2 protein chains.
Amino acid sequence: MSQVDKYLEKPAEWLRVSGPLSDVVISSRVRLARNFAGYPFLEKLTSRQQKEIAELMAATVKAVQQFKDSEYIRYNEIAELDRQFLLERHLISREHAAEKGYQSVAVTDDEMISIMVLEEDHLRQQTFQPGFNLREAWRVLNQVDSEIEKQAEYAFTPELGYLTACPTNVGTGLRASCMLHLPGLVLTKQIQKVLQALSKLNLAVRGLYGEGTQATGNFFQFSNQITLGQPEEEIIENLECVIQQVVEHEKNARQFMREEKKLRFEDQIWRALGTLKSARMISSQEATGQLSLIMLGAELGFIGKAVVLQELNTLFLLIQPAHLQKTAGKVLDSTERDAARASLIRERLSKVIM
Amino acid sequence: MSQVDKYLEKPAEWLRVSGPLSDVVISSRVRLARNFAGYPFLEKLTSRQQKEIAELMAATVKAVQQFKDSEYIRYNEIAELDRQFLLERHLISREHAAEKGYQSVAVTDDEMISIMVLEEDHLRQQTFQPGFNLREAWRVLNQVDSEIEKQAEYAFTPELGYLTACPTNVGTGLRASCMLHLPGLVLTKQIQKVLQALSKLNLAVRGLYGEGTQATGNFFQFSNQITLGQPEEEIIENLECVIQQVVEHEKNARQFMREEKKLRFEDQIWRALGTLKSARMISSQEATGQLSLIMLGAELGFIGKAVVLQELNTLFLLIQPAHLQKTAGKVLDSTERDAARASLIRERLSKVIM
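**Regarding the sheet that holds strand β5 (residues 123–130) of chain B**
All names here are of chain B.
For step 1, the next point in the chain: The 8 strands lie next to each other as β2-β3-β4-β5-β1-β8-β10-β9, forming an open sheet whose pairing is antiparallel. Pairing within the sheet leaves two strands with one partner each, and these edge strands are β2 (70–74) and β9 (203–206). Each strand of the sheet is rotated relative to its neighbour by a mean of 20 degrees, with strand direction disregarded.
For step 2, the next point in the chain: Sheet topology places strand β1 (residues 25–34) next to strand β8 (residues 174–181); 7 bridges connect them, and they run antiparallel. By the bridge assignment, L32 is partnered in β8 with L174.
For step 3, the next point in the chain: Against the sheet, helix α7 (residues 191–199) makes contact with β9 and β10 (219–224), and its axis sits at roughly 10 degrees relative to β10, the strand it touches most.

**So, the packing of aromatic side chains**
For step 1, the next point in the chain: Applying the stated criterion across every chain, the model contains 8 aromatic pairs over all chains.
For step 2, the next point in the chain: Residues Y154 of chain B and Y162 of chain B carry aromatic rings whose centres are separated by 5.9 Å and whose planes lie at 80 degrees to one another, so their mutual orientation is edge-to-face. With respect to burial, Y154 of chain B and Y162 of chain B carry one shared label: buried.
For step 3, the next point in the chain: For the ring pair F156 of chain B and Y162 of chain B, a centre distance of 4.9 Å and an interplane angle of 65 degrees mean the geometry is edge-to-face.
For step 4, the next point in the chain: On the basis of relative accessibility, which here comes to 12%, the residue Y162 of chain B falls in the buried class.
For step 5, the next point in the chain: One aromatic cluster is present, built from ring pairs that chain together F36, Y154, F156 and Y162 of chain A.
For step 6, the next point in the chain: Positioned above the aromatic ring of W270 of chain B is the side chain of R280 of chain A, whose terminal nitrogen or guanidinium carbon lies 4.0 Å from the ring centre.

**Looking at the pattern of salt bridges**
For step 1, the next point in the chain: Inspection of every chain in the model, using the stated rule, returns 40 salt bridges over all chains.
For step 2, the next point in the chain: K251 of chain A is the salt-bridge partner of D23 of chain A, the closest N and O atoms lying 3.6 Å from each other. Placement of D23 of chain A in the loop between α1 (6–9) and β1 (25–34) and of K251 of chain A in helix α8 (residues 232–259) is noted, with a sequence separation of 228 residues between them.
For step 3, the next point in the chain: In this structure, the salt-bridge partner of R271 of chain A is E286 of chain B, at a minimum N-O distance of 2.8 Å. Residue R271 of chain A is found in helix α9 (residues 262–278), and its partner E286 of chain B is found in helix α10 (residues 284–300); the two belong to separate chains.
For step 4, the next point in the chain: The exposure class of E286 of chain B is partly exposed, given its relative accessible area of 26%.
For step 5, the next point in the chain: Each of E119, E120, D121 and R124 of chain A takes part in a single network of salt bridges with overlapping partners.

Rules used in this analysis
- Residues numbered from 1 in each chain as written.
- Chains lettered and ligands numbered in written order.
- Predicted model: local features only at pLDDT ≥ 70, side-chain atom pairs only at ≥ 80, totals over all residues.
- Heavy atoms only, no water.
- Pairing = 2+ DSSP bridges.
- Helix = DSSP H or I, 4+ residues; strand = E, 2+ residues; numbered from the N terminus.
- Axes fitted to C-alpha atoms, helices over the stretch in contact; angles between N-to-C directions.
- Contact = heavy atoms within 4.5 Å.
- Phe/Tyr/Trp six-rings, centres within 6.5 Å; stacked < 30°, edge-to-face > 60°.
- Buried < 20%, exposed > 50% of the residue type's maximum accessible area, 1.4 Å probe, protein only.
- Lys NZ or Arg CZ within 6 Å of the ring centre and 35° of its normal.
- Salt bridge = Lys/Arg side-chain N within 4 Å of Asp/Glu carboxyl O.

So, to be careful, I would describe these as geometric facts and stop short of saying anything about function.
Rendered as structure tokens:
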């Protein structure tokens, strides 16, 4: 029994279909980059210093109220597959998972808050909220950050604010982001126009798994580019304002699909369902795309209410490679995963649709 | 109620899944080109002569034993849609359906024999048999031809044999063909190699609807090119021999799919079923291709025995444009047909599969 197994069967709290505008905004995330005073940045840390920082954080989180029920997971004590699993659940980053030192992560039991230790910065704290709720995410994380700051001294100067390994994070160290489901804009071929407009507003657009990943399944992560020279509340307010407009565009596209092109899109959505209920092998990329269409179908009312959106959200996680292998209880090669994925999807969809 | 309506609901006898090698050879067909002595070929016929020939045949078939239960259908008395319907049932040719004169066709009630009047030649007699059975087709048609010859004089010379409008038909006037279902060779990418080898043997390969049509749904019509200088039995024997070899290749391909690449092809076949059971719009070309895969799936044992092959064979006809419109009882535009086709397929498949 591994330290991460307990997360397998229950859906992450922040993936609950709830919160404001949850038909378009899947989740809201805020992260803070922090470094301790008296230590160099990660690149220059000796192995002994890495260990010191990891143990310092293990002790520190114990005293943080929000981490009363939590795990402190040291990477050198878990399997490679378990790191992949944490990555798929968005609890850690791809870069962090690949490190070879004393990296660790503190995770609350509800998976709403995690703190990566020895990522690009000494600490990367993050919190998720379901739906469109950046303010609540910021409120929660700001409290966590204050609790930690009571116990440890951060690298900070009055002129620059919080110091970070990469200059793009200096100042607030804050990145706020929302994961948006935009099948309407993709299928009506308006997405490029929207993304081009956003690129002029200092916003970054990424895929399901953050930096360096492609948008799959019509999921897009929008985040601020600027961390310096603006108070945190203003950064969040700006992002909120832009996302509100994207949501508006997506809703218009969905209305167009429902009212003007019903038969065409209904066909596309039902075919996705037919494929998922029939395939004997399916890649995670294809499955994510098809599940996205079914999610859209449920939102548009094309597919009966019997489709439980919550079940779909859970499926998005369960079909990822590490989740599949942990469910199977063994290592699977690529072909075996494609077969296991198809079989899992057929089984779970048969419970909720038709 | 139109003269052709009675054919709509019952499946054509020759489409019964029976006869030798019916898992690969759908049907066998023989046709004879004949012209009456004392008349020029079609191009030079006056309107009055056309009418004379049409009425001559109407009277002649009445005395032919095999046409005791039959219809004599004059094109100027039926709707455009009904001609299209007869074409889809392979009872007449595309060229014949498009003519503007006194064209007509005699059709037996079981649809096994038809005689087109005023096609490229004055008469084009044809008979179908289910499965691989060219000899029986030839035996039946030879009898019909003799019965007609008792009542009318054909254009014939001892040196050339039967005279025809196009020199490629002179001699026996015979074309024998088989409709083969070759999904194994197509999916394992061996079909081009096989077709190339056949082109050296004076064989013609065509699509579902004969001359000038593309192979769709993995159906291929193989026929002899030569009509002169060989007795009828020899022409048929040669064609039989080649088709026997193609059948052998197809069966090997299917065995390979079943034994070596089960998961991959099973996936492909189940996806076809998922699409057909889900689509809300589908073209006849796509539907034919997907139905072909399901037929293969039933043959390979991937899809349960509950799939009734007979039902699939009927569906191939019912999804054609004129069949759809006659079933609906009204003219449908292309989008309406795609929707009606998808709906018909869902309904009929739900009765036989899962």
